[in-house]
Amino acid sequence: MKIAFIGLGNMGAPMAANLAKAGHEVTGFDVAGASAEGVGTAASGPEAATGAEVVITMLPNGAILRSVAAEVIPAMSPGAVLLDCSTVDVESARAVAQQAEEAGLGALDAPVSGGIGGAAGGTLTFMVGGSEEAFAKAKPLFDVMGQKAVHCGPSGNGQAAKICNNMILGVTMIATCEAFALADKLGLSREAMFDVVSTSSGYSWSMNAYCPAPGVGPQSPADNGYQPGFAAELMLKDLGLSQQAAAAADADTPMGHRALELYRSFVEDEGGKGRDFSAMLPRFEERGRS
Ligand code: NAD
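First, a word on what this report is: a plain description of the structure on this page.

Calculation criteria
- Residues numbered from 1 in each chain as written.
- Predicted model: local features only at pLDDT ≥ 70, side-chain atom pairs only at ≥ 80, totals over all residues.
- Heavy atoms only, no water.
- Phe/Tyr/Trp six-rings, centres within 6.5 Å; stacked < 30°, edge-to-face > 60°.
- Lys NZ or Arg CZ within 6 Å of the ring centre and 35° of its normal.
- Near = heavy atom within 4 Å.
- Polar contact = N/O pair within 3.5 Å; in protein donor to acceptor, adjacent residues only side chain to side chain.
- Areas by Shrake-Rupley, 256 points an atom, 1.4 Å probe, with all protein chains shown as cover.
- Helix = DSSP H or I, 4+ residues; strand = E, 2+ residues; numbered from the N terminus.
- Nonpolar A, V, L, I, M, F, W, Y, C, P; charged D, E, K, R; others polar.

1. So, the packing of aromatic side chains
Phase 1 of the analysis: On inspection of all chains with the given rule, the structure shows six aromatic pairs.
Phase 2 of the analysis: Each member of the aromatic cluster is reached from another via a ring pair, and the members are Trp205, Tyr210, Phe230 and Phe277.
Phase 3 of the analysis: Sitting above the plane of the Phe284 ring, Arg283 keeps its charged end 5.0 Å from the centroid.

2. Quick word on the site of the ligand
Phase 1 of the analysis: Around the ligand lies a shell of 23 residues, among which Asn10, Met11, Asp30, Leu59 and Lys237 are the nearest.
Phase 2 of the analysis: Taking Val31, its main chain carries an N or O atom lying 3.3 Å from a nitrogen atom of the ligand.
Phase 3 of the analysis: Thr87 places a polar main-chain atom, nitrogen or oxygen, 3.0 Å from an oxygen atom of the ligand.
Phase 4 of the analysis: For the ligand, whose free accessible area comes to 830 Å², the fraction covered by protein is 83%.
Phase 5 of the analysis: Counting only elements with at least two residues in the shell around the ligand, the list comes to helix H3 (62-72), helix H5 (115-121) and helix H10 (232-249).
Phase 6 of the analysis: Residues that form the shell around the ligand fall into these classes: 14 nonpolar, six polar and three charged.

3. Considerations on unusual backbone geometry
Phase 1 of the analysis: In this model, Pro228 is joined to Gly229 through a cis peptide bond whose omega is 15 degrees.
Phase 2 of the analysis: Tracing the backbone shows Gly229 in the loop between helix H9 (205-208) and H10.
Phase 3 of the analysis: A positive phi angle, close to 65 degrees, is found at Tyr226, a residue other than glycine.
Phase 4 of the analysis: By the secondary structure assignment, Tyr226 is in the loop between H9 and H10.

Next comes the structure, spelled out in structure tokens:
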């Protein structure tokens, strides 16, 4: 397939390289001049998009997605698909999809989970919003870049699934970390805490698969000095998107709101920027009640 790939950053570059490695003809563009292995370089987004059957975007946020989409949609061929894999607000995803569809294009929002390791290994999970037809067209590309693609419904639903999942993740990680810090103060060993909770009703992905306590449970960023992993500032971004969506939809999300506040303090005032999001555990450890 002839593919344009716009946004060759930490995630986009390995995703584009995997598509090229699988035999697709990929032309890339990044405003910072980044490139990817096996991927041709265009001088602009519209140049990359011209003649492409699928235009993939992997960009920092909704405002940038909107401006890139406004530029590339007029350059795309009728019937081509605009496939956005960035994590952005639901509203921007829906606005861009509508614009693409009005121009006779297919449109999908397909944010990912799996991080940089998943992007490099081709093992991402895609959460996809958009038409059946566009999903079917992009499916072979999801199969190269990832291990699973879930079609979640119409445009915007991929982003909705992603931010709901990550709101649960942020909240459960905080709950797991504060419980470990409490257990420490109560004299319970971390090993005992893990052994009990990971097989009891407090279990979760945060405890069982990504345990925030070093030396306990499976290998995780905690065992590597809390190097990300999934950086705290990316969790902050996703929690912000979840609260933006909750405000727009009049949904009551008190735990998501509190998780946003805690990650905001952690990233902005408590040295959490650049650390894994599970480094909330040493944060709680250092604190008392006041
Ligand atoms: P990144 O900042 O490394 O990459 C974004 C790239 O977009 C940069 O190279 C930047 O130069 C480029 N860009 C910005 N404006 C542009 C424009 N107008 N035209 C062309 N290129 C432009 O970010 P990333 O880590 O690759 O993340 C990309 C997206 O994936 C984000 O939405 C992020 O939330 C999401 N995401 C990231 C991770 C992760 O672990 N890094 C995991 C899941 C989802």
